[in-house]
Each structure stands twice: as C-alpha cells, then as structure tokens.
Amino acid sequence: MMNRTRIVAAFLAASALFSTTPVAAQTAAERLAGLDERITRLEDMNAIEKLQRSYGYFVDKSQWHPLSELFTEDATLEIGGKGIFLGKARVLEYMQKAFGPDGTKKGALANHMQFQPIPDISADGKTGWVRARAFVMSNGGWGLPLYENEYRKENGVWKISRLTGPFTMYTSWEGWGKWAMNNTWPDKFDPPPDLPPSVVYLTYPAYYIVPFHYPNPVSGKVFTPDRDEVGAYHRPPGTKEQMDSLKVGRWVDGSQPIGQPPKD
C-alpha cells in the first residue's frame, strides 16, 4: 500500500499537468508541504466529528467509562442548565450519579442522534471546534440540545476539552405543542456541579441563540446573538418571572402569548 507521502506526491505530479499557476512559482517541496497541511486539516476535521458522534453512541447505551475516556483530564462539561463539571473524573461521576451505573437497562430507551456538524480547526492544528445539533429521545421524552464544543489534540489524538450543550427544547412524550419543560434547573438532580451555569438561558417557548464559534462563511462577519427578554438573561431559573415566561412565552416582537390565536 502506498504511504501518505507517495500518495501526495503522485497527486502533486498529476495536478501539475492541469495547473494554471506557473510551476516555478513554488518548489515541489513547498507544494508538497501545502498539500500535506490541507490533508491533515481535513483528517483533523473528520476526527473531531467522529469523536463527537462517538460521544452520542456511548450516551445511547450508558457506556460511561468509555465516554469519559473521550475527554481531556482538565475537560469541562456543561449540559443543560445544570452547571459546570471540572475534569474527566467529574464527567464520569456526573454520568453515573445522574443516570445510573454503566450499562443499558431493560426497558430503557435513549437515543442521542446528532446532526448538522460544522467542524473547524485552528491554524496551528492543536484546537478544534464543532457546532452540532442533537435530537434526544428517552423514557422521559424529547430534547433538543445544541452543542458548541472544543477539542484538543494530545499526542496526535483528539479529545473533548469542553462540552457545552444548552437545550433549546425539552418536553414529555406529549410533545412541545402541549407541554414544554424548563431545563435550566441547577439543582435538578445530583451530583452538584463545581461551578454554576455559564449562562442563564430559557428553553422553548422562549429561546436562546447559542453563540457561534465561527463567523459568517461568506461575509466573514461575526454573528452577535440578541439578548432579548425572552432569551438569555431574562430572569434567573426558579423566579416567578422566569416561570411565567416558561408557561406563556412571547413572539419575538412581544405582540402576543404563544399558543393563542393571532390577533385580528
């Protein structure tokens, strides 16, 4: 089997036949190095996508030890509004205490499906990011977290260094049209987090736009999410104002409550 360098060299020789750039503009070594860098970047993006998808499959069947091995020793984990857990050991403790010991149980249903991944790699190739949406179904109902995660390459292996997954919707089997649950309770269940939530946000019928790790791919402009009253920072979880927003919600323009017929 041809090794990677020989494959790149063969591709370089073939591409030179169709290139519109003068051959003298770059040396063969420079072009070879450039192609190798591009291939490494593509491989890295594929690796962090695979890493994130593996996380979802381990969640499916309560494989908490294998899941914790995906993280760096100093990783942070923040799911929903529970708070922040510091370090790989705390990631494992959170999973086992909140969801039970390793291994799936009879009658248990948990599918952690992930979609729309957008990966990026830093210029030095040491850090990566993925924005992805998940659709979670379980015995408890349905959930829609949106991940903005960070990854680190350690000794040639990519690992999760920060997993952040705010929920945009959480509901029972009746569905979000009938019943939508606040998923921002820091004291919802054990174990307690090491730090409070990084953001006070609301779930459907309110909204929270998770900040993007990347700019607009066409304009290059950074997208700044709004801080409207129905979104982030409206009121702390558990307060009357926050609970009222959860029950009623508002259209983006504040014209009427969600769930009522439009005004004439």
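(A) Expanded view of the overall build of the protein chain. Within the protein chain, the secondary structure is distributed over 5 helices and 7 strands. Starting at the N terminus and walking to the C terminus, you meet the elements of the protein chain as α-α-α-β-β-α-β-β-β-β-β-α. Counting across all 264 residues of the protein chain, residues that qualify as buried make up 38%. Expressed as a percentage of contacts within the protein chain between residues at least 6 apart in sequence, the contacts between residues at least 24 apart total 59%. Of the roughly 15,400 Å² that the protein chain leaves accessible, carbon and sulfur atoms contribute 60%.

(B) Up close: helix H2 (residues 28-60). Helix length check: H2 (33 residues) gives 48 Å between terminal C-alpha atoms against 48 Å at 1.5 Å per residue, within 8%. Along H2, the positions that sit buried rather than exposed are Leu35, Asp44, Met45, Ile48, Glu49, Leu51, Gln52, Tyr55, Gly56, Val59 and Asp60. Ser62 occupies a position one or two residues after H2 and carries a positive phi of about 55°.

(C) Local environment of the environment of Pro211. Locating Pro211 in the fold gives a position in the loop between strand E7 (167-171) and helix H5 (240-248). When its relative accessible area of 37% is taken as the criterion, Pro211 is described as partly exposed. If we skip the residues at most four places from it in the chain, Pro211 touches Arg131, Glu148 and Pro225.

(D) Structural detail: the pattern of salt bridges. All chains considered together, the criterion is met by 11 salt bridges. One salt bridge in this structure joins Lys153 and Asp44, with 3.0 Å as the shortest N-O distance. Residue Lys153 is located in strand E5 (residues 141-154), and its partner Asp44 is located in helix H2; the two are separated by 109 residues in the primary sequence. Residue Asp194 pairs with Arg90 through a salt bridge whose shortest N-O separation is 3.0 Å.

Scoring rules and cut-offs
Residues numbered from 1 in each chain as written. Predicted model: local features only at pLDDT ≥ 70, side-chain atom pairs only at ≥ 80, totals over all residues. Heavy atoms only, no water. Helix = DSSP H or I, 4+ residues; strand = E, 2+ residues; numbered from the N terminus. Buried < 20%, exposed > 50% of the residue type's maximum accessible area, 1.4 Å probe, protein only. Contact = heavy atoms within 4.5 Å. Areas by Shrake-Rupley, 256 points an atom, 1.4 Å probe, with all protein chains shown as cover. Expected span 1.5 Å × (residues − 1). Salt bridge = Lys/Arg side-chain N within 4 Å of Asp/Glu carboxyl O.

Any functional reading would require information that these geometric values do not contain.
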